[in-house]
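Observations on chain architecture
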Amino acid sequence: MGCSASLPDRSSSGRLVGPNSENGGASDAKNLRVKLVLLGDSGVGKSCIVLRFVRGQFDPTSKVTVGASFLSQTIALQDSTTVKFEIWDTAGQERYAALAPLYYRGAAVAVIVYDITSPESFNKAQYWVKELQKHGSPDIVLALVGNKADLHEKREVPVQDGIEYAEKNGMFFIETSAKTADNINQLFEEIAKRLPRPAISSTQNP
Amino acid sequence: MEGSSSSSAIFYDFLDRMRNPASLDLVRSIKSFIVSFSFYAANPENDGKKVQEFYTTMEDAIRDHPLWAGATDQEVDCAMEGLEKYVMTKLFSRTFSSTPEDVKIDLETSQKIHLLQTFLKPEHLDIPTVLRNEASWLLAEKELQKINAFKAPREKLLCVMNCCKVINNLLLNASMSENHVLAGADDFLPVLIYANPPQLHSNLKFIQLYRRQTKLVSEAAYYLTNLVSAKTFIFELNAKSLSIDEIEFEESMQAARTTNKETEKEATPTLEGRTTSQGQTDPGPSARSHDKETSGASNYPYMDKEAGDLTIGDVERLLSVYKQVVTKYTGLCTAVKHLSLSRTEPHVTNLEARNVFLSQPEKTGKNSDQRVGQ
């Protein structure tokens, strides 16, 4: 278990981006800078997903901030735009639930993670969805992620439940495995495509 | 994160340019902005907005200024860092912890931390054993406590970042050497809370209001949020926030309060006296840190006692104070040992820079003093 990454996964379609200016709020139509907040029960693998995403694309020339709880990673999309994700991890333990608004305030994306082997974590995910619908910024992009998809034999939350819940709430849904890196890059690429673009952009928004 | 040595260079460069006769118009704007603050009573949210607007106006003015003709973004940024430091140092006593509410929250928070310190243990926050590293925690706390040595928002923010980096390193090291799965914020926040931030409310509010907004993004914003979050957690903390029996929690808090009351009686300045004097006139940072020292000493109520003064009833308290002292002493010893191995040089220069800066107005004498006035 855990997120001991094996080999870097370079098969993704999101290309690497060289050093990009750390300079403040350099967000324009071609280069988006996006605050992404991670929510979900303690132990569902929030941090592992991000580490997989960041390390999986590791390249000495890319400027990646590796902290224990704040990470950033830039991906390039096919339409030659880039998206820099600034990923805010949150503590998942129940005792810190009331502090979450401090973190998701101003976030453009919320990734809500549960563990497919834990129905309680799925319930908690639904709690976060409701909270964000009430208090998050109105145009926030929500993604529901069922993690630990490699543990088929222990699955307790059917894929269908995730799909249906996400559909009902107008969210993007995906099952991932931080362990095998399955769908990790897809998750972030899909989010990147769904971001509202400031004018000019030629991206096909859904 | 830029080192602090470059910070003094930036600031000197700013002062130098302000001494150039060509910058007279900028100096006038700065001066009249600072003076304008003495006309109104403190109103943190409004003041913050005014300062942020001033930064924006000045950034435009600097960009268009002949002295900065052809300057890169980075050079303009440096000038702005210098400006922020100058303006906020001048306005510090007027803007830091400027309302009775803020003073009260600071006081309440530090009182609560005092009480909690008597019994709170890492297991109450379910902090994994591999992360219970007294030396690292002390180091993080030490970084954070430097926050009161600085007046500029940028430097205060650096203290927050340095503190968070120590904790980050602790987590990263544990994940590599101890095979502890890196759990990100699940581990980060509890350790930060347990690191017992000193009375932080005013410092955090000051940074949020007066640090240039373009700099309060990404990593800096994240770690600042974590500290706000730790402070909020402590402020709201009750038995339900901890892995502790509710009755045990109440009893421990009560016991700590009794001890504190006894010690207050014996300590010279009364709490009430202190609050009112702070509410009326701002005693400035030096007076405030003096308060802190005396309240720290009052933790050890038996210092001026003779053996004959003690009664059987004192034994329990004496023992708990003794235990506190021993725990702190052993902790400090370990930390000092580690410190001598991994000394952090930059802060020495930082403090030097500060002293030089504070004496700056005298040193530069008439010509700059007249223009960039008090």
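Residues numbered from 1 in each chain as written. Chains lettered and ligands numbered in written order. Predicted model: local features only at pLDDT ≥ 70, side-chain atom pairs only at ≥ 80, totals over all residues.

**As for the overall build of chain A**
Looking only at helices and strands, chain A features 5 helices and 7 strands. Starting at the N terminus and ending at the C terminus, chain A contains elements arranged as β-α-β-β-β-α-β-α-β-α-β-α. Out of the 206 residues belonging to chain A, those deemed buried represent 45%. Look at the contacts in chain A between residues 6 or more apart in sequence, and 73% of them connect residues 24 or more apart. (Helix = DSSP H or I, 4+ residues; strand = E, 2+ residues; numbered from the N terminus. Buried ≥ 20, exposed ≤ 12 C-beta atoms within 10 Å, placed from the backbone. Contact = placed C-beta atoms within 7 Å.)

**Notes on the environment of A:Val145**
All names here are of chain A. Positionally, valine 145 belongs in strand 6 (residues 141–147). Classification of valine 145 as buried rests on a count of 30 C-beta atoms within 10 Å. Here the alpha-carbon distance between valine 145 and glutamate 175, two residues 30 residues apart in the chain, equals 5.5 Å. If we skip the residues at most four places from it in the chain, valine 145 touches Ile49, Val111, Ile112, Val113, Ile174, Thr176 and Leu187.

**Considerations on the packing of helix 3 (residues 44–63) of chain B against helix 10 (residues 201–210) of chain B**
Residue and element names in this part refer to chain B. Orientation of helix 3 relative to helix 10, taken along the N-to-C sense of each, is 40°, at an axis distance of 8 Å. On the basis of the axis angle, helix 3 is oblique to helix 10. Note on element contacts: helix 10 touches helix 3 through Lys205, Leu209 and Tyr210, opposite Pro44, Gly48 and Val51. Class assignment for the residues of the contact of helix 3 with helix 10 results in 4 nonpolar, 1 polar and 1 charged. (Axes fitted to C-alpha atoms, helices over the stretch in contact; angles between N-to-C directions. Parallel < 35°, antiparallel > 145°, perpendicular 65-115°, else oblique. Nonpolar A, V, L, I, M, F, W, Y, C, P; charged D, E, K, R; others polar.)

**Focus: the confidence of the model for chain B**
All names here are of chain B. Per-residue confidence for chain B averages 77 on the pLDDT scale, and 75% of its residues sit at or above 70. For chain B, helix 14 (residues 284–297) is the element with the lowest average pLDDT, namely 38, and helix 3 is the one with the highest, namely 96. Note that pLDDT drops below 50 for residues 268–298; the model gives that stretch 20 contacts with residues more than four away or on any other chain. Scored below 50 in pLDDT, residues 343–374 makes 27 contacts in the model with residues more than four places away or belonging to other chains. This prediction of the complex comes with two scores: 0.73 for pTM and 0.81 for ipTM. (pLDDT = per-residue confidence, 0-100.)

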